[in-house]
Amino acid sequence: MSVTQTIRSDTRTLWHLLMAPVRGTTHQDRLESFYAGQAGNYDAFRSRLLHGRQAMIDRLSVRPGQVWVDLGCGTGENMERFGTRAADLSAAHLVDLSPSLLQVARQRIDERGGERSPDRFHLHHADATQFELPRDPQRPDQAPLADLVTLSYSLTMIPDWFAAIDRAFDLLRPGGQIGIVDFFVSRKYVEPDDARHGWSTRAIWPLWFAMDNVFLSPDHLPMLRRRFQTVSLSTHRGRVPYLPLVSVPYYVFIGTKPLAGQPSTSTSGSPMD
């Protein structure tokens, strides 16, 4: 994409981010109102704002025959980020509530040969808090489980994020992995080794993002660490397009669903930046 094309694409996206009104009486209506006009330009702009997605994918341990669920998949870019490891998956379920973003995901799958593997790549227009894996007709009484569940900058956009974490937990088999990357702000008082943000970060960023119905929370990470065994956790700051001196905090979390009888305690951790 040329510089001129990039500027034009960014201008359209910024107009929808900053000026276009978000309308709707339901969460789905509001999501579609927000994304319908920028779905085609979504990846080009978000690639410079949504940091850490590749790091999250790279930290997942992917083995042949596994089932992956991406809750809030957007345009399906995470599928690309799996690279050649995607061929090892027995099934990939991409879930989103925005038809416009799912249309882009469908185009991405078709362009990369997904139409030749209809049994492996599945798109679901569904609420992430209610999604269930399709049951095997041969085993209708057995609820299928996933080996990998990811949420990439979607947890902050789900109003009932408690339910989203619960759904991810229920979807995973014991020992299965969860990967999450998202914006956040810290609590005012944190544990000695945890990232702590000053007043301005904790006050300004939630207000700024809330204008687009993106809700940064100081409670996401504590809840994730309570429900899952922490494999790795790192926090960072990422640049914001067209604001060269500004950076927004985000985290990359990898955890596992405890085996029966195991407590949800950390197995290891990464330094906080």
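Analysis parameters
- Residues numbered from 1 in each chain as written.
- Predicted model: local features only at pLDDT ≥ 70, side-chain atom pairs only at ≥ 80, totals over all residues.
- Heavy atoms only, no water.
- Helix = DSSP H or I, 4+ residues; strand = E, 2+ residues; numbered from the N terminus.
- Buried < 20%, exposed > 50% of the residue type's maximum accessible area, 1.4 Å probe, protein only.
- Contact = heavy atoms within 4.5 Å.
- Areas by Shrake-Rupley, 256 points an atom, 1.4 Å probe, with all protein chains shown as cover.
- pLDDT = per-residue confidence, 0-100.
- Patch = residues over 30% accessible without salt bridge, like charges linked within 9 Å, V, L, I, M, F, W, Y side chains within 5 Å.
- Salt bridge = Lys/Arg side-chain N within 4 Å of Asp/Glu carboxyl O.
- 1 Å grid on protein atoms, 1.4 Å probe; cavity = no way out; pocket = protein on both sides within 12 Å on 5 of 7 lines; lining within 4 Å.
- Points joined across faces, edges and corners; volume = space filled by probe spheres on them.
- Nonpolar A, V, L, I, M, F, W, Y, C, P; charged D, E, K, R; others polar.
- Phe/Tyr/Trp six-rings, centres within 6.5 Å; stacked < 30°, edge-to-face > 60°.
- Lys NZ or Arg CZ within 6 Å of the ring centre and 35° of its normal.
- Pairing = 2+ DSSP bridges.
- Axes fitted to C-alpha atoms, helices over the stretch in contact; angles between N-to-C directions.

Of regular secondary structure, the protein chain possesses nine helices and seven strands. Across the 273 residues in the protein chain, those meeting the buried criterion constitute 48%. Nonlocal contacts in the protein chain, meaning residues at least 24 apart in sequence, comprise 74% of its contacts between residues at least 6 apart. Accessible surface computed for the protein chain: about 13500 Å², of which carbon and sulfur atoms make up 53%.

This paragraph deals with the confidence of the model for the protein chain. In this model, the protein chain carries a mean pLDDT of 85, and residues with pLDDT of at least 70 account for 79%. For residues 267-273, every residue scores under 50 in pLDDT, and the model assigns this stretch 22 contacts once sequence neighbours within four places are set aside.

Let us look at the side chain of Thr201. For Thr201, the position within the fold is in helix H8 (residues 199-210). Apart from residues lying up to four places away in sequence, Thr201 is in contact with Val185, Pro206, Arg237 and Pro249.

Further remarks concern a nonpolar patch on the surface. Residues Ile204, Trp208, Met211 and Leu243 make up a contiguous nonpolar surface patch of roughly 390 Å² in combined accessible area. With respect to the helices, strands and loops of the structure, Leu243 is situated in strand E7 (residues 243-256).

This part covers unusual backbone geometry. If you check the backbone angles, Tyr153 has positive phi at about 55° while not being a glycine. Tracing the chain through its elements places Tyr153 in the loop between strand E4 (146-152) and helix H7 (161-171). A positive phi angle, close to 60°, is found at Asn213, a residue other than glycine. The residue Asn213 is located in the loop between H8 and helix H9 (220-227) in this model.

A few words on the layout of surface pockets. Rolled over the atoms, a probe sized like a water molecule indicates the empty space that remains. A volume near 370 Å³ is recorded for the second largest pocket. What lines the second largest pocket is a set of 21 residues, and nearest its centre among them are Arg187, Asp194, Leu221, Pro222 and Arg225. Its residues assigned to classes, the lining of the second largest pocket shows twelve nonpolar, two polar and seven charged.

Glancing now at the packing of aromatic side chains. Summed over all chains, the structure comprises nine aromatic pairs. With centroids separated by 5.6 Å and ring planes inclined at 85°, the aromatic side chains of Phe184 and Tyr251 adopt a geometry described as edge-to-face. Of this pair, Phe184 sits in the loop between strand E5 (172-183) and H8 while Tyr251 sits in strand E7; the two residues are 67 residues apart in sequence, bridging distant segments of the chain. The rings of Tyr153, Phe183, Trp205, Trp208 and Phe209 are connected pair by pair, giving a single aromatic cluster. We note Arg227 situated over the ring of Phe169; from NZ or CZ to the ring centre the distance is 4.1 Å. Positioned above the aromatic ring of Phe169, the side-chain terminus of Lys257 is 4.6 Å from the ring centre.

Ordered in space as E3-E2-E1-E4-E5-E7-E6, the seven strands form an open sheet in which the pairing is mixed. The sheet is open, and its two borders are formed by strand E3 (121-125) and strand E6 (229-240), each paired with just one other strand. The sheet shows a mean angle of 15° between the axes of neighbouring strands, direction not considered. Where strand E1 (residues 67-71) meets E4, three bridges bridge the pair, whose relative direction is parallel. By the bridge assignment, Val69 is partnered in E4 with Val149. Those strands touched by H7 are E1, E4 and E5, and its axis lies near 145° from that of E5.

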